[in-house]
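Here's the letter readout for the chains.
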Amino acid sequence: MPENKDTGIVFIRSSINEASFLPFEDKVLKALSDYCDKKSYLCLSIGRNDFSEEKQKTIADWFSKNALSSALFIDFSGEYTKERIIKSILSEVVIPERIMLLNFSERIRNTNDDNEAQAVIDEAKRNIDTFHKRYSLGKKLDYSPFNPKKRVVVVGGGIAGIECAIKLAEEGFGAAIVEREESLGGVLRKVPAFYNSDILPSDFLEEKIKTLESLPNIDVLLNGQIESIKGEAGDMKVSFENGEERKEIDCGAVVIAGGVWTGISADIKRTIPDDERIISLSDFCEKRDEIIEKIKSSADGKAILFAGNYSKTYSPVLFSSLLFNALKLYEETNLPVAVAIANAEVAREGAEELYTEVREKGITLFKTLEKMPEIFIKDGDLYSAIDDIYLKGEGMSDVRVLVDCALIVIEDSVERNFTLEAVAEKIRMKTGPRASIQPENLNLLAVDTNKNGIFVCGSCRQVSDISEIERDAENVVASIKRTLDENLKYPSEKIIVDKGKCTLCLTCVRVCPHGAIEWSRAAEISQINCLGCGTCTSECPNRAITLSSFSDEEVYCELEGLI
Ligand code: SF4
Ligand code: SF4
C-alpha cells in the first residue's frame, strides 16, 4: 500500500474479554494492518460506552501530529457514529466531508469461520483502497472563516414567536420579532381557555410577554409586513414594510413563526348566508360578553348552534375551544345549546373529557358526515338542517333535524397567510397544502426547511398545542445554535461555476432543491446553503458546475469500493 500522508486510518478494537469472535477480530486486524502503511494507521481498543476524553484526544492528536486531513474509521466496537467522530474528535482536525466510517461490529460478532473473516478483510481492503484513491485525487479544499451574525429575525409575534425569541435570548442570541398586527399574542388572544389546563390563555400570554420584555437584546417591531429574505445562513437580510417605511434587519437566521390566519374558511362561507347571526368561533370569543347579553334577551327558546370540524384544516385547540365554549355558554345561560361535529377523532387529540362532559350535561350533540350542515334563512329566521348519521328514523337511513337558531358559531379554519406564501415562493421555500412549511427531506428536522438558515415553528407547520410549540421552539434554537456555530468550516470552493461556460439558462436555479443558487452575470452558488446534492451539476446543459471532491474519477473510485 503506498504511503499517503494526507489520509489516516483508525482501527477501533472491541475490548470484550473472552468473546468467541476475538480470534477472528485479531485475524482481520492483523491482515488489515499489514495491508496499510505503518505510518498511516492507529489502533485503539474501546469497550462498551468507553468513549472517554482521553481516547478522543489520542485520536485527535495523532491526526494533528501527522497533518492528516482525511480519516477512515474501521470500527469493531460499534461505539462510533460519523456525527460523533466529527463533533467530538475531529471537528478541528480533519475535513468533515473526508471522514468515512466502516462499522464491522455486527459482521465480526457473527463470524464463525475463517471464510467469513476473509470476506470482512476483502471488503475492508477494497474500502481502504477507495479511501486512499479518492482523497489523494481530490484537491485539498480551502476553508473560509465563518463569522455568523448572532441575531435572529422571528417572523410572527404569536406564542410560537415569543417562545422562540425568549429561548434564543436565553442562549445569548439577539432576536427581533416582526409582527404584522399592532400587538403581540396572535391567535392565542382569541382563545378563552385551554382544554387541558386551568391557566387562562390571557394570563399565560401576559406572563410570557413580561419575560420577553425582561430579557436584553430582543426588539419587537409591530405592524411589520415581511417583504423578502435574502442571503445565506449566517449572513441574511430581512426586508419588511412598517407603515409607509421599508426597513431591513441584518441577521444570521430567520424563524418563521406565523403565516396563518383564522376565520370561517372560504369554502364554508360560499355555502352559508351572509348574516350577522353566523359568526366564527374567534369572533365569538372576542365579543363573548356582549354576544351573550344580547342572546339572553332575544333567543326566545331558539338554539345556539356550534358547528365544528367542517373545514379541512382541523386544529385540536380550536376544536376543543369550540366544545369548551358550548359548555360554558350552556352553564352560564341555560339556553338551549347544540353542537354539530363531523367525524371528530376526539380520543386522539385528548378532547374526550370535554366531549363526554358536553354530552352528559345535556347539550344536544349531532354527529354528521364531513359536509357542513345546511344553513338557511326563512321568513327572517335562521335555521340549520342537520343530517345526523346516528339518528335513525323508521324506514329511513338517517334523520334530518331542523334546528331553529338564535346564533350559529362556526369553528375557525387555519388558512394560509398569502404575504408569507408569496415570500416563500420568491425564495423557493417549499410550502405544504395547508398553510404549512414542511420539510420534504426526511433527514431534516421538522423545524428545518429546505433553505439553510430558515426555520419554522408553531402553527405554520400545523403545531397547535402549547407543549408542542414549546418543544418546537427548543428544536429551533438547537438547530440555530448548530447552524450559527462559528467553529463550522465551509469550503470556499465546494461547488464552482465556470463563468465562461455559463449561458445563464437558469436551469440550475430552478432545480436546486435548497434554493442555494442566485444569479447576476452567471449563476452564483452559496457555498453555505449548498448541501452538495449534485442536482445542478448533472442538470446544467453546459457542464458549467463542478462539485469539489465529486469529480467523475472520484465517484468511480467510490463505486469501485462498493462493487
Ligand atoms: S444551468 Fe449551467 S448554464 Fe444554466 S445558469 Fe446554471 S450554470 Fe449557467
Ligand atoms: S449541489 Fe447544486 S442543486 Fe444541490 S444544493 Fe448545491 S447548489 Fe443546490
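Look a little higher up for the structure.
Draft legend 1. Structural detail: the pattern of salt bridges. Within the structure shown, the criterion is met by 24 salt bridges. Between K210 and E207 there is a salt bridge, with the nearest N and O atoms lying 3.9 Å from each other. With K210 and E207 both in helix 7 (residues 201-214) and 3 residues apart, this pair spans about one turn of that helix. The class for K210 is exposed, based on a relative accessible area of 53%. For E207, a relative accessible area of 48% gives the class partly exposed. A salt bridge links D275 to R277, with the nearest nitrogen and oxygen atoms 2.9 Å apart. In the salt-bridge network here, residues are joined through shared partners; they are K328, E331, E357 and K361.

Draft legend 2. Up close: the site of ligand 2. In the vicinity of ligand 2 lie 13 residues, with C512, C530, C533, G534 and C536 positioned nearest. Residues belonging to the shell around ligand 2 are distributed by class as follows: 9 nonpolar, 4 polar and no charged.

Draft legend 3. Local environment of helix 13 (residues 352-360). Those residues of helix 13 not exposed but buried are L354, Y355 and V358. All buried residues of helix 13 lie within an arc of 100° about the axis, which places them on one face of the element. Along helix 13, the residues that are exposed and aim more than 90 degrees away from the buried face are E353 and E360. Directly beyond the C-terminal end of helix 13, a positive phi value near 100° is found at G362.

Draft legend 4. Local environment of the packing of helix 6 (residues 159-170) against helix 15 (residues 466-483). Where helix 6 meets helix 15, the closest approach of the two axes is 9 Å, and the angle between their N-to-C directions is 45°. Comparing the axis directions of helix 6 and helix 15 gives the class oblique. Relative to helix 15, the crossing made by helix 6 is right-handed. Listed contacts from helix 15 to I159, A160, E163, C164, K167 and L168 of helix 6 are I466, I469, E470, A473, E474, V476, V477 and I480. Here the residues of the contact of helix 6 with helix 15 sort into 10 nonpolar, no polar and 4 charged.

Draft legend 5. Quick look at the sheet that holds strand 4 (residues 99-103). Read from one edge of the open sheet, 4 strands run 2-1-3-4, paired in parallel fashion. Looking at which strands have only one partner, the edges of the open sheet turn out to be strand 2 (41-46) and strand 4. The average angle at which neighbouring strand axes cross in this sheet is 15°, direction not considered. One ladder, built from 5 bridges, connects strand 3 (residues 70-75) with strand 4; its direction is parallel. From the neighbouring strand, L72 faces strand 4, where its bridge partner is M100. Sitting on the sheet, helix 2 (residues 53-65) touches strand 1 (7-14), strand 2 and strand 3, and the angle it makes with strand 2 is about 175°.

Draft legend 6. Region of interest: empty space enclosed by the protein. Throughout the structure, instances matching the rule amount to 4 cavities of 30 Å³ or more. Taken as a whole, the largest cavity spans an internal volume of roughly 100 Å³. Around the largest cavity sit 15 residues that line it, and C502, C505, C508, A523 and C540 are the ones nearest its centre. For the lining of the largest cavity, the leading source of residues is helix 16 (residues 507-511), giving 3 residues. Partitioning the lining of the largest cavity into residue classes produces 12 nonpolar, 3 polar and no charged.

Draft legend 7. Representation of the environment of L281 within the structure. In this fold, L281 is placed in helix 9 (residues 281-286). Excluding residues within four positions of it along the chain, L281 makes contact with L318, S321, L322, N325, V409, I410, E411 and D412.

Draft legend 8. Structural detail: the nonpolar core. Counting residues in hydrophobic clusters, the biggest one holds 36 residues, and the most contacted among them are L168, L188, L212, V255, C457, V476 and I480. Counting only elements with at least two residues in this core, the list comes to strand 6 (151-155), helix 6, strand 7 (174-178), helix 7, strand 12 (253-256) and helix 15. Top element by residues in this core is helix 6. It accounts for 8 residues. Setting aside residues no more than four positions away along its own chain, L212 makes contact with I162, A165, I166, I177, L184, I218 and V220.

Draft legend 9. Expanded view of the site of ligand 1. Close contacts around ligand 1 come from C502, T503, L504, C505, L506, T507, C508, A523, C540, P541, N542 and I545, and that covers them all. Given that more than half its atoms are within 2 Å of the pocket grid, ligand 1 belongs to the largest cavity. Residue composition of the shell around ligand 1, grouped by class: 9 nonpolar, 3 polar and no charged.

Draft legend 10. Molecular detail of the pairing of strand 15 (residues 303-308). Most of strand 15 sits out of view: 6 of its 6 residues are buried. In the sheet, strand 15 pairs with strand 20 (residues 399-410) via 5 bridges, with the strands oriented parallel. Within the sheet, the bridge partner assigned to L305 lies in strand 20 and is I408.

Draft legend 11. Region of the structure containing the environment of F284. Checked against the element boundaries, F284 lands in helix 9. On the basis of relative accessibility, which here comes to 0%, the residue F284 falls in the buried class.

Draft legend 12. Broad picture of helix 1 (residues 22-35). Here helix 1 is 14 residues long and its end C-alpha atoms lie 20 Å apart, about the 20 Å a rise of 1.5 Å per residue gives. Residues of helix 1 that are buried include every one of L22, F24, E25, V28, L29, L32 and S33, and no others. Buried residues along helix 1 cover an arc of 155° about the axis, so they all sit on one side. Along helix 1, exposed side chains directed more than 90 degrees from the buried face belong to P23, K30 and D34.

Draft legend 13. Molecular detail of the side chain of K451. Of note, K451 is situated in the loop between helix 14 (418-426) and strand 22 (454-456). We note that K451 is buried and unpaired, the nearest opposite charge coming from E518 at a distance of 4.7 Å. When near neighbours in sequence (up to four residues on either side) are disregarded, K451 contacts I427, M429, H514 and G515.

Draft legend 14. Representation of the sheet that holds strand 6 in the model. With parallel pairing, the 5 strands of this open sheet are ordered in space as 8-7-6-12-22. Strands at the two margins of the open sheet, each flanked by one partner only, are strand 8 (218-221) and strand 22. Strand-to-strand twist across the sheet, computed as the mean angle between neighbouring axes with direction ignored, equals 20°. Relative to strand 12, strand 6 is paired through 4 bridges, and the arrangement is parallel. In the sheet register, V152 faces strand 12, and the bridge partner there is A253. Seen against the sheet, helix 15 touches strand 6, strand 12 and strand 22 and runs at an angle of roughly 170° to strand 22.

Conventions and cut-offs
- Residues numbered from 1 in each chain as written.
- Chains lettered and ligands numbered in written order.
- Predicted model: local features only at pLDDT ≥ 70, side-chain atom pairs only at ≥ 80, totals over all residues.
- Heavy atoms only, no water.
- Salt bridge = Lys/Arg side-chain N within 4 Å of Asp/Glu carboxyl O.
- Helix = DSSP H or I, 4+ residues; strand = E, 2+ residues; numbered from the N terminus.
- Buried < 20%, exposed > 50% of the residue type's maximum accessible area, 1.4 Å probe, protein only.
- Near = heavy atom within 4 Å.
- Nonpolar A, V, L, I, M, F, W, Y, C, P; charged D, E, K, R; others polar.
- Arc of directions from axis to C-beta.
- Axes fitted to C-alpha atoms, helices over the stretch in contact; angles between N-to-C directions.
- Parallel < 35°, antiparallel > 145°, perpendicular 65-115°, else oblique.
- Left-handed = near helix turned anticlockwise from the far one by under 90°.
- Contact = heavy atoms within 4.5 Å.
- Pairing = 2+ DSSP bridges.
- 1 Å grid on protein atoms, 1.4 Å probe; cavity = no way out; pocket = protein on both sides within 12 Å on 5 of 7 lines; lining within 4 Å.
- Points joined across faces, edges and corners; volume = space filled by probe spheres on them.
- Core = buried A, V, L, I, M, F, W, Y, C linked by side-chain atoms within 4.5 Å.
- Sits in = over half its atoms within 2 Å of the grid points.
- Expected span 1.5 Å × (residues − 1).
- Lys, Arg positive; Asp, Glu negative; His and termini not counted.

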